[in-house]
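Each chain, letter by letter, is given below.
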Amino acid sequence: MAKTASTPGGSGKASGAQKEKDAPPPPPEPLRVPVADSHTHLDMQSGTVEEALAKAASVGVTTVVQVGCDLAGSRWAAETAAAHESVWATVALHPNEAPRIVLGDPDGWSRQGAREPGGDAALDAALDRIAALAALPQVRGVGETGLDYFRTGPEGMAAQERSFRRHIAIAKEHSKALVIHDREAHDDVLRVLTEEGAPDTVVFHCYSGDAAMAKICAERGYYMSFAGNITFKNAQPLRDALAVAPLDLVLVETDAPFLTPVPYRGRPNAPYLIPLTLRAMAEVKGVPEDTLATAVAANTARVFGY
């Protein structure tokens, strides 16, 4: 995550505030029951993988799922999972990556820099490479894939849906969990899953629907993974969704370095902060911390087959 440099000649107060914003939050009290971070991006976090894993383990987060968002990130996820016993990988083209491949990325917003339009052929070639990675034993999921109508406008919807449908097929072909990114696209995500036929295991990462959608997910046996934004003041719909989500379909994640839970919102997130989110979730569910931790640990192991 990019850091904002202090302005030359700026006040010491501003500089100090920026340093505090950039500083990692302190470690929370360790969990008594170990859990997994079901969705993280170690490649976007500061420090080494070994440091991140050790810090997470020290507070009871003993497993992490490293998620791919493009070809380079998916290869890195697979390699990192192969090198570390406590890491599993998922691989995919993020919903916002598909339109960049098809339509081009002149501004170089993505990590690959500026790109020329490649059309559907380029997207299909990239998806073939994702399919090859999905066959690896340390890769336990296909994702994050899905639909995102927040960052991609109508011109990119066809590419997103084409990519999403192929990811569903890849997940089914390799009997891997499908990890879904759904942003402002709930109805269409559910529609495509119905039309294609969902894989045996589906996870809505960083669940963003309401309680009504949570009931639909529960009826279909879809897992719902909740992140640090469940602690945000304006997130009552997420808390309402968690309240009705069955305990055996709930996961916890960081989506680090994003979505750092309160009271550290805006500062860098990392797997070691999972206890903050899990404790907030337990309060919403009205169950003891250890009860929720036991459930999400079993759920995550079941989803990703470890």
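Residues numbered from 1 in each chain as written. Predicted model: local features only at pLDDT ≥ 70, side-chain atom pairs only at ≥ 80, totals over all residues. Heavy atoms only, no water.

Caption draft 1: Region of the structure containing the layout of surface pockets. One number sums up the size of the largest pocket: a volume of about 1200 Å³. Forming the boundary of the largest pocket are 37 residues, of which His94, Arg151, His181, Arg183 and Asp255 lie nearest the centre. The set of elements that each furnish at least two residues to the lining of the largest pocket consists of helix H4 (97–103), strand E4 (139–148), strand E5 (177–183) and helix H9 (236–244). The element that contributes the greatest number of residues to the lining of the largest pocket is E5, accounting for three residues. When its residues are assigned to classes, the lining of the largest pocket shows 13 nonpolar, twelve polar and twelve charged. (1 Å grid on protein atoms, 1.4 Å probe; cavity = no way out; pocket = protein on both sides within 12 Å on 5 of 7 lines; lining within 4 Å. Points joined across faces, edges and corners; volume = space filled by probe spheres on them. Helix = DSSP H or I, 4+ residues; strand = E, 2+ residues; numbered from the N terminus. Nonpolar A, V, L, I, M, F, W, Y, C, P; charged D, E, K, R; others polar.)

Caption draft 2: Inspection of helix H7 (residues 186–196) at higher detail. Listed in full, the buried residues belonging to H7 are Val189, Leu190, Val192 and Leu193. Along H7, the residues classed as buried sweep out an arc of 160° about the axis, all on the same side. In H7, those exposed residues whose orientation departs by more than 90 degrees from the buried face are Asp187 and Thr194. Contacts from the buried residues of H7 go to E4, helix H6 (157–174), E5, strand E6 (202–204) and helix H8 (211–220). Looking at the residues trailing H7, positive phi occurs at Gly197, about 85°. (Buried < 20%, exposed > 50% of the residue type's maximum accessible area, 1.4 Å probe, protein only. Arc of directions from axis to C-beta. Contact = heavy atoms within 4.5 Å.)

Caption draft 3: Quick look at the packing of helix H3 (residues 71–83) against helix H5 (residues 119–134). It is at 11 Å that the axes of H3 and H5 come closest, and there the two elements cross at 10°. One way to sum up the angle between H3 and H5 is to call them roughly parallel. Here Leu71, Ser74, Arg75 and Ala78 of H3 come into contact with H5, specifically with Ala126, Arg129, Ile130 and Leu133. Grouping the constituent residues of the contact of H3 with H5 by class yields five nonpolar, one polar and two charged. (Axes fitted to C-alpha atoms, helices over the stretch in contact; angles between N-to-C directions. Parallel < 35°, antiparallel > 145°, perpendicular 65-115°, else oblique.)

Caption draft 4: Structural detail: the packing of aromatic side chains. Enumeration over the complete set of coordinates arrives at three aromatic pairs. With a centroid separation of 5.9 Å and an interplanar angle of 35°, the aromatic rings of Phe204 and Tyr222 are classed as tilted. Separated by 18 residues along the polypeptide, Phe204 in strand E6 and Tyr222 in the loop between H8 and strand E7 (223–226) bring together distant segments of the chain. You'll find Phe204 and Tyr222 in the same group, each marked buried. For the pair Tyr207 and Phe226, a centre-to-centre distance of 5.5 Å together with 50° between the ring planes defines the contact as tilted. In this pair, Tyr207 is assigned in the loop between E6 and H8 and Phe226 in strand E7, connecting sequence segments 19 residues apart. Over the aromatic face of Phe232 sits the side chain of Arg265, whose NZ or CZ is 3.7 Å from the ring centroid. (Phe/Tyr/Trp six-rings, centres within 6.5 Å; stacked < 30°, edge-to-face > 60°. Lys NZ or Arg CZ within 6 Å of the ring centre and 35° of its normal.)

Caption draft 5: Spatial organisation of the side chain of Glu144. With respect to the element layout, Glu144 can be found in strand E4. A polar side-chain atom of Glu144 sits 3.5 Å from a polar atom in the side chain of His94. (Polar contact = N/O pair within 3.5 Å; in protein donor to acceptor, adjacent residues only side chain to side chain.)

Caption draft 6: Summary view of the confidence of the model for the protein chain. For the protein chain, mean pLDDT is 93; residues scoring 70 or higher make up 94% of the total. Counting contacts from residues 1–12, a segment whose pLDDT is below 50, to residues more than four positions away or on other chains yields seven contacts. (pLDDT = per-residue confidence, 0-100.)

Caption draft 7: Quick look at the pattern of salt bridges. The full count for this structure, using the stated rule, is 13 salt bridges. A salt bridge links Glu196 to Arg165; the shortest N-O distance between them is 2.5 Å. On the criterion of sequence distance, the pair formed by Glu196 in helix H7 and Arg165 in helix H6 is long-range, its members being 31 residues apart. Each of Glu161, Arg165, Asp188, Arg191, Glu195 and Glu196 takes part in a single network of salt bridges with overlapping partners. (Salt bridge = Lys/Arg side-chain N within 4 Å of Asp/Glu carboxyl O.)

Caption draft 8: Here's a closer look at the environment of His174. You can see His174 is positioned in helix H6. The class for His174 is partly exposed, based on a relative accessible area of 23%. In this structure the C-alpha to C-alpha distance between His174 and Ala83, which are 91 residues apart in sequence, comes to 22 Å.

Caption draft 9: Spatial organisation of unusual backbone geometry. Of note, the bond from Ala256 into Pro257 is cis; its omega dihedral lies within 30 degrees of zero at 15°. With respect to the helices and strands, the residue Pro257 is situated in the loop between strand E8 (250–252) and helix H10 (274–285). Positive phi values are uncommon outside glycine, yet Ser175 reaches one of about 55°. Mapping Ser175 onto the fold places it in the loop between H6 and E5.

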